[in-house]
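# Examining the three-dimensional arrangement
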Amino acid sequence: MRTVIKTYKFKLYKNKKNRHLDNGIDIAAAIWNYCIAMHRRYYRLYGKHLSANKLKKHIAKVKKTFHPEWQALGSQSIQDVVERLDRSYKAFFGHVKQKCHGRKSPSHFCKREHLPAHR
């Protein structure tokens, strides 16, 4: 017997009740851009790919010291942003390694409106 999974799609309107969701998206965008900057800096310095675990540990330290506003976003959400970015980089490097045809670019900085979590 097959089970049917139902999904719902909601549109979030701008009002005061949804302000915390809007702030969470802003924080996720800031973390996304920070992680991309860290990846690029790490590669420029060491010539290696930055692992997701190292980046998670670094983000946890940064969250406590330099960006306390990031604590408004849950730790699992932050880990999800890092893992999503890591999957993106692995897909890019796998594409380059296999010398596949077609375009595949590495992750890039995004404005808040263009983040995958915001769509």
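Here the structure is a predicted model, which is why all the values come from computation and not from measurement.

Moving on, we get to the overall build of the protein. Scanning the protein for helices and strands turns up 3 helices and 0 strands. Reading the protein from its N end, one meets helices and strands in the order α-α-α. A globule of 119 residues ought to have a C-alpha radius of gyration of about 14 Å, yet the protein, at 17 Å, is considerably larger. Dimensions of the protein, computed from the C-alpha atoms along their principal axes, are close to 50 × 45 × 30 Å. Sorting the 119 residues of the protein into buried and exposed places 27% on the buried side.

Time to look at the layout of surface pockets. Of the voids in this model, the second largest pocket is the one considered here, and its volume is about 160 Å³. What lines the second largest pocket is His-39, Arg-40, Tyr-43, Lys-48, His-49, Leu-50, Tyr-89, Phe-92, Phe-93, Pro-106 and Ser-107. Those elements that provide at least two residues to the lining of the second largest pocket are α1 (19-46) and α3 (75-97).

What the rule picks out here adds up to 3 salt bridges. With its nearest N and O atoms 2.7 Å apart, the salt bridge here joins Glu-83 to Lys-56. One end of the pair, Glu-83, is in helix α3; the other, Lys-56, is in helix α2 (residues 52-65), with 27 residues separating them in the sequence. With relative accessibility at 31%, the residue Glu-83 sits in the partly exposed group. Where Asp-86 meets Lys-90, a salt bridge forms, and the shortest distance between an N and an O atom there is 3.4 Å. Taken as a pair, Asp-86 and Lys-90 lie in helix α3 at a separation of 4 residues, close to a single helical turn.

What follows concerns the nonpolar core. Within soluble globular proteins, side chains that are nonpolar tend to cluster in buried spots. Membership of the largest hydrophobic core comes to 21 residues, with the highest contact counts inside it found for Ile-31, Cys-35, Leu-55 and Ile-59. Of all the secondary-structure elements, those providing two or more residues to this core are α1, α2 and α3. The element that contributes the greatest number of residues to this core is α1, accounting for 8 residues. Contacts of Cys-35, omitting those with residues within four sequence positions, involve Leu-55, Ile-59, Val-82 and Leu-85.

Reading the values: the criteria
Residues numbered from 1 in each chain as written. Predicted model: local features only at pLDDT ≥ 70, side-chain atom pairs only at ≥ 80, totals over all residues. Heavy atoms only, no water. Helix = DSSP H or I, 4+ residues; strand = E, 2+ residues; numbered from the N terminus. Rg over C-alpha atoms; globule rule 2.2 N^0.38 Å. Buried < 20%, exposed > 50% of the residue type's maximum accessible area, 1.4 Å probe, protein only. 1 Å grid on protein atoms, 1.4 Å probe; cavity = no way out; pocket = protein on both sides within 12 Å on 5 of 7 lines; lining within 4 Å. Points joined across faces, edges and corners; volume = space filled by probe spheres on them. Salt bridge = Lys/Arg side-chain N within 4 Å of Asp/Glu carboxyl O. Core = buried A, V, L, I, M, F, W, Y, C linked by side-chain atoms within 4.5 Å. Contact = heavy atoms within 4.5 Å.

Everything listed is a geometric property; what it means functionally is a separate question.
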